[in-house]
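Here is how the chains run, residue by residue.
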Amino acid sequence: MANVNLKINGKAVSVPAGTSILDAAKAAGVRIPTLCAYEGMGPHAACRLCVVEIAGEDKAKLSCAVKVSEGMEVTTDSPALFESRKAAVTEMFRQHTVDCHHCARTGGSRIEDLDPAICENCFWCDCVREGFCELQALAREFGVSALPFEPQQHDFETDVSTDVILRDPNKCVKCRRCVDVCKNTQAVGVLGMVKTEKGQTVGVTTAATLADSACIRCGRCVDVCPTGAVALKEHKDQMVYFAHRPGVKTAALVDASVLPELEALYGGAVTMGQLVSALRRIGIDKVYDAEELRLLAADEAAKAVSRRRKKAPAIVAFDPASKAWLTANCADRKADFVFPETAQVRFAALARGQFDKIFRISGRNALAAEAHDTGCADFFYNARELFRILKRTGSDPTRRPEEAPDTLGLEAPKPTAWAAVLGPIHWEVGGAAETVTFTVGGKEKTACICRNPMQAKKALESGEAFDVIRLGA
């Protein structure tokens, strides 16, 4: 495909034909504010923040909706564009409850007083995204303090039906990221725009509530939501309370998937050893690394696949969301499923009698549903909630020394060629499945690594002769 040459803020840029101005700017290292666009998903031209000026055009254009053309000259920042974006951000607060726009602790509404550097995560506002909300960050950027209208009240009912994933339409800004990820990445499609007596909002299109729908409780809608409209049920007070309660023995099971988001929130490196140290400082008695148990689960899966004599590919899934998706969508392939127990279920079986309370910490939101359903952990925490707890208690992992995690003393399985297939999977938005070739017992095998259900759907429909299809949701 031929390239198109244009200028962005006077800088010469060359990108493939068909590229949007937004993507061309990103490729050139130029930031254009946006809320509805998310890496790997198409924008919906819903937030209207990505406006730019094009030479020869009378009106500003949405950069996500306009393709580049030869000789185009684009301006991404000007006083007029700033005012347009400020107006767009202000308008979002018309449909978003403004708890975050007023600090109940200090009594201030000035946007400069709501800076994360000042926020102590005291929980007075009780918003799951307080201090790292994308809408709040945009309000700071464009100086949106006073609102020229009456704030919206809590008109919509919060969907708490799953008791794990909570949907609060009052905080929804209709960016539709959750709709996109549910349909096009997770291949579930239970979310969409719905009409209600109180206006249009994002909701469950296939049933009255999430619990009544085909939701697999993967929690990826939580990951992509820019505000607090979709969140995991929190247990922030319980960790601090039980960690300090005399006579209550506590344990935390942590996996490394929580570290990348913690690093982004802290703006610096956070190692497993530092996190172990920070959790012990809070008062948790024992802190275990889930890798010890994950290796055992992977070894069990490798043995199960090796014993197979069927020509159909083995379909391997570890996390509960992947298992739920496969069970719902591939019932005819049930005989090919290989579903090892998760690390947290194994941990509960080994440690439940030793501890009164077990805290599970992971970047995989789907494990919250498993903890709730099976009781394998008393409370589940993702990176965002853990960050608020650590900040509230002053236990900053970036300033803690390295400490080795506790160990269950289990014998680690010997490394095998299956490690390339059965290791941790990093979920991604969109993308294509990866084909991996490896040798076991002198025989070459082919595996398809699917980092989301849509990739698995395409792999299963392709009819390709894989030995193993690995899914992570």
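Preceding this paragraph is the structure being described.
Nothing here was measured: the structure is a model prediction, and the numbers come from that model.

Is there a simple way to think about the overall build of the protein in this case?
Within the protein, the secondary structure is distributed over 15 helices and 18 strands. Radius of gyration (C-alpha) of the protein: 24 Å, near the 23 Å computed for a compact globule of 473 residues. Overall, the C-alpha framework of the protein stretches about 70 × 60 × 45 Å when taken along its three principal axes. Here the protein, with 473 residues, has 50% of them falling under the buried criterion. Across the protein, every contact between residues at least 6 apart in sequence was considered, and the portion connecting residues at least 24 apart equals 66%. Here the protein has roughly 21500 Å² of accessible surface; of this, 50% comes from carbon and sulfur atoms. Charge separation in the protein, taken as the distance between the mean sites of 60 positive and 60 negative side-chain charges, equals 3 Å.

What is the right way to look at unusual backbone geometry in this model?
The phi angle of most residues is negative, glycine excepted, and most peptide bonds adopt the trans form. For A187, which is not a glycine, the phi torsion comes out positive at approximately 55 degrees. Unlike most non-glycine residues, R217 shows phi in positive territory, near 55 degrees. Residue position: R217 is located in the loop between β8 (199-204) and α5 (220-224).

What am I meant to see in the nonpolar core here?
One recurring pattern in soluble globular proteins: nonpolar side chains tend to sit buried together. With 28 residues, the main nonpolar core has M239, V254, L275, L279 and I361 as its most contacted residues. Beyond its immediate stretch of four places on either side in the chain, L279 contacts V254, I284, V287, I361 and L386. By size, the runner-up hydrophobic cluster in this structure holds 23 residues, among which are V4, A28, I32 and L81.

Looking at this model, I keep getting lost on the layout of surface pockets. Mind explaining?
The probe, sized like a water molecule, is rolled over the atoms to show the empty space still left. Estimated volume of the largest pocket: approximately 1100 Å³. Lining of the largest pocket is provided by 45 residues; of these, R220, S257, G363, R364 and I425 occupy positions nearest its centre. Among the secondary structure elements, those contributing two or more residues to the lining of the largest pocket are α5, α7 (259-266), α9 (291-306), α12 (366-374) and β18 (468-471). For the lining of the largest pocket, the leading source of residues is α7, giving four residues. By volume, the second largest pocket amounts to about 380 Å³.

Would you take a moment to explain the pattern of salt bridges for this structure?
If charged atoms from side chains of opposite charge come close, those side chains can pair. On inspection of all chains with the given rule, the structure shows 26 salt bridges. Put simply, D373 and R217 hold a salt bridge, and the shortest N to O gap is 2.3 Å. One end of the pair, D373, is in helix α12; the other, R217, is in the loop between β8 and α5, and 156 residues separate them in sequence. What makes D373 partly exposed here is its relative accessible area of 45%. Across the pair R352 and D378 runs a salt bridge whose closest N-O atoms are separated by 2.9 Å. With R352 in the loop between α11 (343-351) and β14 (357-361) and D378 in the loop between α12 and β15 (379-381), the pair connects residues that are 26 residues apart, well separated along the chain. Given the relative accessible area of 29%, R352 is considered partly exposed. The class for D378 is partly exposed, based on a relative accessible area of 27%. When salt bridges with common partners are traced through the structure, they connect R280, K286, E403 and D406 into a single cluster.

Is there a simple way to think about the pairing of strand β10 (residues 250-254) in this case?
Looking along a regular strand, one sees side chains alternate from face to face of the sheet. Among the five residues that make up β10, five are buried, leaving the element largely enclosed by the rest of the structure. Residues T250, A252 and V254 point to one face of β10 and A251 and L253 to the other, with burial holding for every one of them. Here β10 runs beside β14; their pairing, made up of five bridges, is parallel. By the bridge assignment, L253 is partnered in β14 with R360. When β10 meets strand β11 (residues 286-289), the two strands line up parallel, connected through four bridges. Along β11, the bridge assignment pairs V254 with D289.

Please explain the side chain of T227 as it appears in this structure.
Inspection of the secondary structure puts T227 in the loop between α5 and β9 (230-232). We classify T227 as buried; its relative accessible area is 1%. Among the polar contacts listed, one links the side chain of T227 to the backbone oxygen of K171, at a separation of 2.9 Å. Contact partners of T227, with chain neighbours within four places excluded, come to H96, R129, C133, L135, K171 and V173.

Procedures and definitions
- Residues numbered from 1 in each chain as written.
- Predicted model: local features only at pLDDT ≥ 70, side-chain atom pairs only at ≥ 80, totals over all residues.
- Heavy atoms only, no water.
- Helix = DSSP H or I, 4+ residues; strand = E, 2+ residues; numbered from the N terminus.
- Rg over C-alpha atoms; globule rule 2.2 N^0.38 Å.
- Buried < 20%, exposed > 50% of the residue type's maximum accessible area, 1.4 Å probe, protein only.
- Contact = heavy atoms within 4.5 Å.
- Areas by Shrake-Rupley, 256 points an atom, 1.4 Å probe, with all protein chains shown as cover.
- Lys, Arg positive; Asp, Glu negative; His and termini not counted.
- Charge placed at Lys NZ, Arg CZ, Asp CG, Glu CD.
- Core = buried A, V, L, I, M, F, W, Y, C linked by side-chain atoms within 4.5 Å.
- 1 Å grid on protein atoms, 1.4 Å probe; cavity = no way out; pocket = protein on both sides within 12 Å on 5 of 7 lines; lining within 4 Å.
- Points joined across faces, edges and corners; volume = space filled by probe spheres on them.
- Salt bridge = Lys/Arg side-chain N within 4 Å of Asp/Glu carboxyl O.
- Pairing = 2+ DSSP bridges.
- Polar contact = N/O pair within 3.5 Å; in protein donor to acceptor, adjacent residues only side chain to side chain.

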